[in-house]
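Residue-level structural notes
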Amino acid sequence: MTAVTVLTLAATTAGCQTHASGGSAAKPSSPPKTSAPAADDAKPAATSSPPTSLPPTAAPSPSATAAPKPAPQGRTLMATGSEGKQVRELQARLRQIGHFDRSPTGYYGTLTVAAVQSFQGKRGLSRTGRTDTVTWQKLIAMTRKPTAAELNPPTSRPAARPDKRCMTGRVLCISKNSRTLSWMIDGRVVSSMDVRFGSQYTPTREGTFSIYWKSRHHVSTIYHTAMPYAMFFSGGQAVHYSADFAARGYNGASHGCVNVRDEGKIAALFDQVRNGDKVVIYW
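Residues numbered from 1 in each chain as written. Predicted model: local features only at pLDDT ≥ 70, side-chain atom pairs only at ≥ 80, totals over all residues. Heavy atoms only, no water.

The next thing to look at is the pattern of salt bridges. The tally for this structure, following the rule as stated, stands at ten salt bridges. Of the charged contacts in the structure, one is a salt bridge between aspartate 244 and arginine 196, with a shortest N-O distance of 2.8 Å. Residue aspartate 244 is located in helix H5 (residues 243-248), and its partner arginine 196 is located in strand S5 (residues 188-196); the two are separated by 48 residues in the primary sequence. Connected via shared salt-bridge partners are Arg196, Asp244 and Arg248. (Salt bridge = Lys/Arg side-chain N within 4 Å of Asp/Glu carboxyl O. Helix = DSSP H or I, 4+ residues; strand = E, 2+ residues; numbered from the N terminus.)

Take the packing of aromatic side chains next. All chains considered together, the criterion is met by five aromatic pairs. A ring pair is formed by phenylalanine 209 and phenylalanine 233, whose centres lie 5.4 Å apart and whose planes are at 55°; its orientation type is tilted. Taken together, the residues phenylalanine 209 in strand S6 (residues 207-210) and phenylalanine 233 in strand S8 (residues 226-234) connect sequence positions 24 residues apart. In this pair, the class of phenylalanine 209 matches that of phenylalanine 233, namely buried. For the pair phenylalanine 245 and tyrosine 250, a centre-to-centre distance of 5.1 Å together with 70° between the ring planes defines the contact as edge-to-face. On the basis of relative accessible area, tyrosine 250 is assigned to the partly exposed category, the value being 25%. The structure contains a cluster of three or more aromatic residues connected by ring pairs, namely Tyr212, Trp213 and Phe232. (Phe/Tyr/Trp six-rings, centres within 6.5 Å; stacked < 30°, edge-to-face > 60°. Buried < 20%, exposed > 50% of the residue type's maximum accessible area, 1.4 Å probe, protein only.)

One can find serine 156 in the loop between helix H4 (148-151) and strand S3 (170-175). With near-sequence residues (within four places) excluded, serine 156 lies in contact with Asp194 and Lys265. (Contact = heavy atoms within 4.5 Å.)

Right, let's get into the nonpolar core. Core analysis: the largest hydrophobic core is formed by 24 residues, its most contacted members being Leu172, Ile174 and Val239. The set of elements that each furnish at least two residues to this core consists of S3, strand S4 (180-185), S5, S8, strand S9 (237-241), strand S10 (258-260), helix H6 (263-272) and strand S11 (278-282). Counting residues per element, this core draws most heavily on H6, which supplies four residues. When near neighbours in sequence (up to four residues on either side) are disregarded, isoleucine 174 contacts Thr180, Leu181, Val195, Phe197, Val239, Val258, Val279, Val280, Ile281 and Tyr282. One finds Leu94, Phe100, Ala115 and Phe119 within the second-largest nonpolar core, a separate group that totals twelve residues. (Core = buried A, V, L, I, M, F, W, Y, C linked by side-chain atoms within 4.5 Å.)

A word on empty space enclosed by the protein. Inspection of the entire model under this criterion finds one cavity of 30 Å³ or more. Space inside the largest cavity adds up to approximately 30 Å³. Lining the largest cavity are Ala160, Pro162, Cys173, Ser175, Thr180, Ser182, Met184 and Tyr282. Listed by contribution, the elements that provide at least two residues to the lining of the largest cavity are S3 and S4. It is S4 that contributes the most residues to the lining of the largest cavity, three residues altogether. (1 Å grid on protein atoms, 1.4 Å probe; cavity = no way out; pocket = protein on both sides within 12 Å on 5 of 7 lines; lining within 4 Å. Points joined across faces, edges and corners; volume = space filled by probe spheres on them.)

Over its 13 residues, helix H2 (residues 110-122) runs 19 Å from end to end, which matches the ideal 18 Å to within 8%, given 1.5 Å per residue. If you check which residues of H2 are buried, you get Thr112, Val113, Ala115, Val116, Phe119 and Gln120. Buried residues of H2, viewed axially, fall in a sector of 165°; they line one side. Contacts from the buried residues of H2 go to helix H1 (85-96), strand S2 (131-132) and helix H3 (133-142). With its phi angle positive at about 75°, glycine 124 sits one or two positions after the end of H2. (Expected span 1.5 Å × (residues − 1). Arc of directions from axis to C-beta.)

Of all six residues in S4, five are buried; the element is thus mostly enclosed. For S3 and S4, the ladder comprises six bridges, and the chain directions are antiparallel. When the bridges of S4 are listed, valine 171 appears paired with methionine 184. The antiparallel hairpin formed by S3 and S4 contains four residues in its connecting segment, where arginine 179 sits at a positive phi of about 55°. Summarising the sheet, S4 and S5 pair through six bridges and their orientation is antiparallel. Within the sheet, the bridge partner assigned to leucine 181 lies in S5 and is methionine 193. Between S4 and S5, which follow one another and run antiparallel, lie two residues, and aspartate 186 among them has a positive phi close to 50°. (Pairing = 2+ DSSP bridges.)

Shown next, in the form of structure tokens:
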């Protein structure tokens, strides 16, 4: 027998806060690949001719029974790791009929696999989790073409009136009431974006702070989850991008950080903010 050695890789990175409590990981992990259905190559066994030595009334040997054909699946169109517009449409259509409870992301991860398996099971198809031509055609027949808002849900809430502490200098002006962040320079709003905060058990601190450390590819050492574009302002609390927020919206919460769901906006913000810039968090 062959011995199998399991190696465990432990990586620690400075940092602290992470995504929504009870939320999903920053990037979906690929599930184990399901094996392809067995090929339908079973053939009935040939019937033997009666031996010449047997009497004419002897019965012939019974023939073998053919193996049943597997359920039709068709050609695979999308599977784990697929990305793009068609994946986003798949997710939007699955959401229309209750199989996908998040905003479309365009990435085919474990949540999409589970949603496809759920749909396939309801329709009597093999629960492969892959979107083949048969699954896709059934889904299209049951749903309508997604609207632009369904494919790319709005991610901009009306920004709050700035607190008076935000009116001078370079400030990340963050309102808990409107759940928005406005990047302001000398009283002018440069950009704004949606944010969410910690739960009642891990609340986001309020007050005036300063950015003291930036980490573009940060990973939490407490929760071991990704915190891209992290800008730390109070102990372990930071403003950072959250893939969980992008997928689930306000159904979750952070562990105290200020989560941003628009990756493009926070990437641009990260490049503009400097250490020492002010952070104001208020109601």
